[in-house]
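# Fold and geometry: a report
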Amino acid sequence: MSVVFDPDRILEKVLPKKADDLLTSDLKFRDKFKQNLLRLDFLTKGDINKGIAKSLQFYNRKIKDLKAQGESAAEAKAQAINGGALLKARLSDLVVEKASEDIKEKFTGKQYIWLPSSAEDPDPVHALNYGKTFIVGEGEQPGERYGCRCAMEILGVNTFDEEVPDIMRVNPDKVKAQLETGKARAQEAAKARVADIEARIKEADANIKDIEAREAQAKQAEAQKALDFETKTKELFNKASNKIDLNKPNDVFFGNAIDEKESAKLKVKTGLILEGYKRRITIGGVRHSFKQHGDTSYEESRGQKAVEAKDLTLIPEITKNYDDVVLSEKKNFDGRSVFVYKKKINGLLYFYLELIGGKTSKGLESKDLWIKKIKK
Ligand SMILES: [Zn+2]
């Protein structure tokens, strides 16, 4: 015979399978189970009474709370007791803790083999100890940690020693089987955990790839937009300088419609509210700029630089990050108001004129662009 301390074996003997069998219908602890517990020599009457009283107190408080919340007496009782699971768990832990202490006292210094827990999801750290030999009284031992149901086979003890209660005498084949089953179960649980972690890593990887792909797409779209703007603007400039071309090219829209924040900023400077307005460059504006400010020698003679296609591509930057913008005192010939933007870029001062459309069109059109050289 082997000498085995197995918490589950003890619990099975003294407590009912179904937790709610512990209590009578009027919430008294069943005497039968109290007698069982009293027969365990490592538990005092005081320990048992305290354990039971604490749980019953908890149930009664809970029932009171639920009734106060409007539950019927029967419903409150059913919910609070919830199968008596709490009471059974509490008593089980009490029994195992005291039993483990008792084993430590009785067998200290003896060698023992750590045996598996029967838990469905065994503690992975304890699983590492299965089948290994330790010494009673040195280090952590089965049953000490809260909820632990690991067992131990104590070595070097005479089975017929009076210190050994009946419940600890176990057939060696049963002990071997318990070790095998426990190891297999722990392995299964470990595999399941690894698979779960792998699945989560895979999911996280997929999410990252997804985000990266979307970011790359957005960047590419942004770059394409900038390129389109440049191409179309240069095309406008070429057409503006070519008198024979009679086809009126499309306006080149750029940037997003003016939002609340930008509108508030413009209002401070100009007094106009332009939320929802959209900017564009028109052939008219470009032609005007080219005619008035496209001749190199003339512009140079008055301290200015001739407008080139590449200057037009700065218009989004000038209107977005201007140094200053004002409402011009002079209106356009058709009565439309005009904004004058100023922006310093690379030693040049850009003046950009923009026509303010009506509330229906909500358009902001290019009117003129000229470039002053900054004197040093
Ligand atoms: Zn354990």
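Look above for the structure.
Nothing here was measured: the structure is a model prediction, and the numbers come from that model.

## A look at the pairing of strand β11 (residues 348–356)
Regular strands place side chains that alternate from one sheet face to the opposite one. In this structure, strand β10 (residues 338–345) lies alongside β11, joined through eight bridges in antiparallel fashion. Bridging across to β11, I345 finds its partner in L348. Between β10 and β11, which pair antiparallel in sequence order, lie two residues; one of them, N346, sits at a positive phi of approximately 50°. Inspection of the sheet shows β11 paired to strand β12 (residues 363–373) by nine bridges, in the antiparallel sense. Bridge pairing links I356 to L364 in β12. The turn joining β11 and β12, which pair antiparallel and follow one another in sequence, is formed by six residues; a positive phi near 50° is taken by K362.

## Remarks on helix α1 (residues 7–14)
Of the residues making up α1, those classed as buried are P7, I10 and V14. Seen from one end, α1 has its buried residues packed into an arc of 70°, which puts them on one side. Elements in contact with the buried residues of α1: α2 (31–38), α5 (85–107) and β4 (151–154).

## Details of the environment of L91
Residue placement: L91 occurs in helix α5. The sequence separation of L91 and S55 amounts to 36 residues, and the corresponding C-alpha distance is 9.0 Å. Look past the residues within four positions of L91 in its chain and what remains in contact with it is L15 and G51.

Quick notes on the rules
Residues numbered from 1 in each chain as written. Predicted model: local features only at pLDDT ≥ 70, side-chain atom pairs only at ≥ 80, totals over all residues. Pairing = 2+ DSSP bridges. Helix = DSSP H or I, 4+ residues; strand = E, 2+ residues; numbered from the N terminus. Buried ≥ 20, exposed ≤ 12 C-beta atoms within 10 Å, placed from the backbone. Arc of directions from axis to C-beta. Contact = placed C-beta atoms within 7 Å.

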